[in-house]
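Below, each chain spelled out in residue letters.
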Amino acid sequence: FSLHPLHVESVAWISERKDVLSGVFFSATLLTYAGYARAGGAGRYLLTLCLFALGLLCKPMLVTLPFLLLLLDYWPLGRFHDLRKGARGKGPVLLDLCREKIPFFLLSGCSSVITYLVQKGSGAVVSALPLEMRLANAAVSYVRYVFKMFWPLDLACFYPHPVHSLETWQVAGSALFLIAVTLMAFRCARRHPYLPVGWLWFLGSLVPVIGLIQVGE
């Protein structure tokens, strides 16, 4: 929050202690994984897995972290090799890296199922909204997140779902913006690999809270 007010709930709500704590374990997981990727070792791997589990226990927001580790494998860790040629003799390729993350994916899957069942049991999961409405709101919300990073205006503790209030031009414009930035990031991947990694990191990290599964109002 000292760097950017967009994440104000971490300091404004006492109930968001879990957010700060999960962030600590998230950062620790990334650090230990970087050590494992560079030096190997079962101990480093197990430590990374345990820190990830602790982060999930704090807050299930971390369920996308296995995908983020794959992004780190691409850049800056450089664990990807020429996948088109299948150069297995030169190191791990995508399939090997995915197999390596299986325990992480299993933990994410268990956390996701448990969270969904708990939310549904408490009546928080809203199933009345059609999929196309949730997708439209997600596209617009992604763009609003980008805007609020540069101009954090009108922050609130509750953002009601727009339901039928979204205009067609808003949804179409947001979708075109997301597609354009994605294409640009991938086009620049060879010279600037951090661009697709950063953009996919942003898109992927928000999946649990972007409204594809509507929780609450």
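Note that the structure is a prediction, hence the values are computed from the model and not measured.

(A) Structural context of the overall build of the protein chain. Within the protein chain, the regular secondary structure consists of 9 helices and 0 strands. Ordered by position from N to C terminus, the α and β elements of the protein chain give α-α-α-α-α-α-α-α-α. What you see for the protein chain is a C-alpha radius of gyration of 19 Å, in line with the 17 Å of a compact globule of 217 residues. A fraction of 72% describes how many contacts in the protein chain between residues 6 or more apart in sequence connect residues 24 or more apart. Just so you have it, the protein chain exposes about 13600 Å², and 69% of that area is on carbon and sulfur atoms. With 19 positive and 11 negative side-chain charges, the protein chain shows a separation of 11 Å between the mean positions of the two kinds.

(B) Molecular detail of helix α2 (residues 17-39). Relative to the 33 Å expected for 23 residues at 1.5 Å per residue, α2 spans 33 Å between its end C-alpha atoms, a close match to the ideal helical length. Of all the positions in α2, only Asp19, Ser22, Phe25, Thr29, Leu30, Thr32, Tyr33, Ala34 and Tyr36 are classed as buried. Of the residues trailing α2, glycine 40 is marked for its positive phi of about 70°.

(C) Main features of the pattern of salt bridges. What the rule picks out here adds up to 7 salt bridges. One network of salt bridges, with partners in common, ties together Asp73, Arg79, Glu100 and Lys101.

(D) Spatial organisation of the nonpolar core. If you look at the biggest cluster of nonpolar residues, it comprises 13 residues, and the most contacted ones within it are Phe52, Leu56, Leu69 and Phe104. Among the elements of the structure, α2, α3 (42-58) and α4 (65-74) are those that each provide at least two residues to this core. Ranked by residue count, the leading element in this core is α3, at 4 residues. Non-local contacts of leucine 69, meaning those with residues more than four positions away in its chain, are made with Leu30, Tyr33, Lys101 and Phe104. Within the second largest apolar cluster, 12 residues are counted, among which are Val146, Leu178, Val181 and Ile210.

What counts and how
- Each chain has its residues counted from 1, running along the sequence as written.
- Under the rules for a predicted model, residues below a pLDDT of 70 receive no local features and side-chain atom pairs below 80 are neither given nor counted, while totals for whole chains, interfaces and linings still include all residues.
- Water and hydrogen atoms were dropped before computing side-chain values, which therefore reflect all heavy atoms in the structure.
- A run of H or I in DSSP counts as a helix once it spans at least four residues, and a run of E counts as a strand once it spans at least two, with each numbered from the N terminus.
- Here the globule rule is a power law, 2.2 Å times the number of residues to the power 0.38, and the radius of gyration is based on C-alpha atoms.
- When checking whether two residues touch, look at their non-hydrogen atoms; a contact exists if any pair is within 4.5 Å.
- Accessible surface is estimated by sampling points in the Shrake-Rupley manner with a 1.4 Å probe; for residues, cover comes only from the protein chains shown.
- Think of it this way: Lys and Arg go in the positive column, Asp and Glu in the negative one, and His and the chain ends go nowhere.
- By convention, the charge on Lys lies at NZ, on Arg at CZ, on Asp at CG and on Glu at CD.
- A helix is expected to reach a length of 1.5 Å times the quantity of its residues less one.
- The buried label goes to any residue with under 20% of its type's maximum accessible area, the exposed label to any with over 50%, and the partly exposed label to all in between, with areas taken from a 1.4 Å probe on protein chains only.
- Here, a salt bridge means any side-chain nitrogen of Lys or Arg that lies within 4 Å of a carboxyl oxygen of Asp or Glu.
- Residues belong to a common nonpolar core when they are buried Ala, Val, Leu, Ile, Met, Phe, Trp, Tyr or Cys residues joined through side-chain atoms within 4.5 Å.

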